[in-house]
Amino acid sequence: MAENKIAKPFQESFLDELVKQAGFEEDEFDMIKDDLRPILQERIVLHIYRELSEEDWNKVSDFLEHEKYEELNAFLKEKIPNYEDFIMEIYAEFEDEYLENFEDL
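Sequence order sets the numbering: in each chain, residues are counted from 1 along the sequence as written. With pLDDT at 70 or above as the cut-off, local features in this predicted model cover only qualifying residues; side-chain atom pairs require 80 or more to be listed or tallied, and sums for whole chains, interfaces and linings still use all residues. Heavy atoms throughout the structure, all of them, feed into the side-chain values; hydrogens and water do not.

**Concerning the packing of helix 3 (residues 54–65) against helix 4 (residues 69–79)**
Two elements in contact, helix 3 and helix 4, have axes whose closest approach is 8 Å; the angle formed by their N-to-C orientations is 160 degrees. It follows that helix 3 is roughly antiparallel to helix 4 by the angle criterion. When you trace helix 3 past helix 4, the crossing you get is left-handed. Between helix 3 and helix 4, the residues in contact are D56, K59, V60, F63 and L64 and Y69, E71, L72, F75, L76 and K79, respectively. All axes are obtained by fitting lines to C-alpha atoms, using only the stretch in contact for helices, and the reported angles, taken between N-to-C directions, cover 0 to 180 degrees. Each helix is a run of H or I in the DSSP string that is no shorter than four residues. Each strand is a run of E no shorter than two, and both are numbered from the N terminus. Roughly parallel covers angles under 35 degrees, roughly antiparallel covers those over 145, roughly perpendicular covers 65 to 115, and oblique covers all other angles. By definition, any crossing whose near helix is turned counterclockwise from its far helix by less than a right angle is left-handed, and any crossing with a clockwise turn is right-handed. Note on contacts: a residue pair qualifies if any of its non-hydrogen atoms lie within 4.5 Å across the two residues.

**A short note on the environment of D85**
Here D85 lies in helix 5 (residues 83–103). Distance in space between the C-alpha atoms of D85 and E65 is 25 Å, their sequence separation being 20 residues.

**Quick look at the packing of aromatic side chains**
For Phe, Tyr and Trp, rings pair up if their centres lie within 6.5 Å, where Trp contributes its six-membered ring, and each pair is then called stacked (planes under 30 degrees apart), edge-to-face (over 60) or tilted (otherwise). Scanning all chains against the criterion turns up seven aromatic pairs. A centroid spacing of 5.2 Å and a plane angle of 90 degrees characterise the contact between Y49 and W57, whose relative ring orientation is edge-to-face. These aromatic residues form a ring-pair network of at least three members: F10, F14, Y91, F94 and Y98.

Here's what the structure looks like:
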């Protein structure tokens, strides 16, 4: 499956801020973000998968395979109620869980 590029610009700024909040040095950002990016993207895809029928998921897979990201976003906005809020909730959960791991250090 092609790399998931849903909301890529936001995702990059989100990851920048997350690793900064976790206390990493700026020279470590790229390495840490490279580790986090697939985990976050997998989580987004998993949540989307749970919301869609098998037929809809097949369409999503086709959009990803053909790198039709604008069409994918339009499709998801149509199929998932309050799509932007849905995605932002995934990011918020990810941030909370990630930062919780650093509270005990």
